[in-house]
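Tertiary structure, described
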Amino acid sequence: MKNFNYNETVILVGGSKVSLKLLKPISHLHPIFAADSGANILVSEKIDFKAVIGDMDSIDKEILKNSDIESIPIADQNSTDLEKCFSQVSAEVFIGFGFLDLRLDHSLASLTAICKNNSANAIILVGELDTVIWVKGEWSCNMPVGTRLSIWPLSNQIFLDSSGLKYSLKNLKMDPISLIGTSNETNKNCFSIIPNSDHPSKYVTIIPTRYFMNVYNKFTMKKL
């Protein structure tokens, strides 16, 4: 089966709600892959993409008949289309549109997928209201003071320290049952999060989508 390898940012588009006002300005800057019915959106908006990956159960079948569009069918029902994309595409950073918002179970599956094994240093999922960020290791980002920011563990997660947050993460042990980090906020113009590097990152940071470009600029170094 064909694999795609990039030492750069790759955009993935799923079949949920897609913020075209955020996707379109950056669509020409990065390789794009469709996750199953994400191809329906890309074709309708005339946005070029490299291939469509997935079990092909919800894509417009007319698209599959187009010989100019490469399709990578994967019939495995034990993985989501987002996971299938991660299995076929390697990148430094993934930005995902259309993986949140419509169905809660699909959104939760997306969060699980980005905390599993993958090639990336960062994965950013963009929703209508919120953007979810997974980062391998320590990270920081510029954000206005008073920005809502939540730290959501998907497994046991140990933090060594943080800065620029109203509620410090210093020496905290989080897990989904006993301690979560809902509704923290920034108290400086730049925050940093330092997880324990001895363990994989099994948490996500959630910020308002209106600050997506702050995160985009941080990880892609492309100023728009």
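Residues numbered from 1 in each chain as written. Predicted model: local features only at pLDDT ≥ 70, side-chain atom pairs only at ≥ 80, totals over all residues. Heavy atoms only, no water.

Overview of the packing of aromatic side chains
Aromatic ring pairs are defined here through the distance separating the ring centres and the angle between the ring planes. A full pass over the atoms with the stated rule returns 8 aromatic pairs. Ring centres of Trp139 and Phe191 lie 5.2 Å apart, and the angle between their planes is 85°; on these two criteria the pair is classed as edge-to-face. Here Phe191 lies in strand S15 (residues 190-195) and Trp139 lies in strand S10 (residues 139-142), a separation of 52 residues in the sequence. Among the residues examined, Phe191 registers a relative accessible area of 1% and is labelled buried. (Phe/Tyr/Trp six-rings, centres within 6.5 Å; stacked < 30°, edge-to-face > 60°. Helix = DSSP H or I, 4+ residues; strand = E, 2+ residues; numbered from the N terminus. Buried < 20%, exposed > 50% of the residue type's maximum accessible area, 1.4 Å probe, protein only.)

Observations concerning the sheet that holds S15
Here 4 strands make up an open sheet; going across it, the order is S10-S15-S12-S13 and the pairing antiparallel. Of all the strands in the sheet, the pair left with one neighbour each is S10 and strand S13 (173-174). In the sheet, S10 pairs with S15 via 4 bridges, with the strands oriented antiparallel. Counterpart to Ser140 in the pairing with S15 is Ser192. (Pairing = 2+ DSSP bridges.)

Regarding the environment of Asp60
Mapped onto the fold, Asp60 is located in the loop between strand S4 (51-54) and helix H3 (61-64). Assessed through its relative accessible area of 40%, Asp60 is described here as partly exposed. Considered as a pair, Asp60 and Asp36 are 24 residues apart in the sequence and their alpha carbons are 9.0 Å apart. Within the structure, the side chain of Asp60 is placed 2.9 Å from the backbone nitrogen of Glu62, a separation counted as a polar contact. (Polar contact = N/O pair within 3.5 Å; in protein donor to acceptor, adjacent residues only side chain to side chain.)

What to know about the sheet that holds strand S16 (residues 203-208)
With mixed pairing, 10 strands are arranged side by side in an open sheet as S5-S4-S3-S2-S7-S8-S9-S16-S11-S14. In this open sheet, the two edge strands, each paired with only one partner strand, are strand S5 (71-73) and strand S14 (181-185). Across the sheet, the axes of successive neighbouring strands diverge by a mean angle of 20°, strand direction being ignored. As paired strands, strand S9 (residues 130-135) and S16 are joined by 4 bridges and run antiparallel to one another. Bridge assignment links Asp130 to a residue of S16, and that residue is Pro208. (Axes fitted to C-alpha atoms, helices over the stretch in contact; angles between N-to-C directions.)

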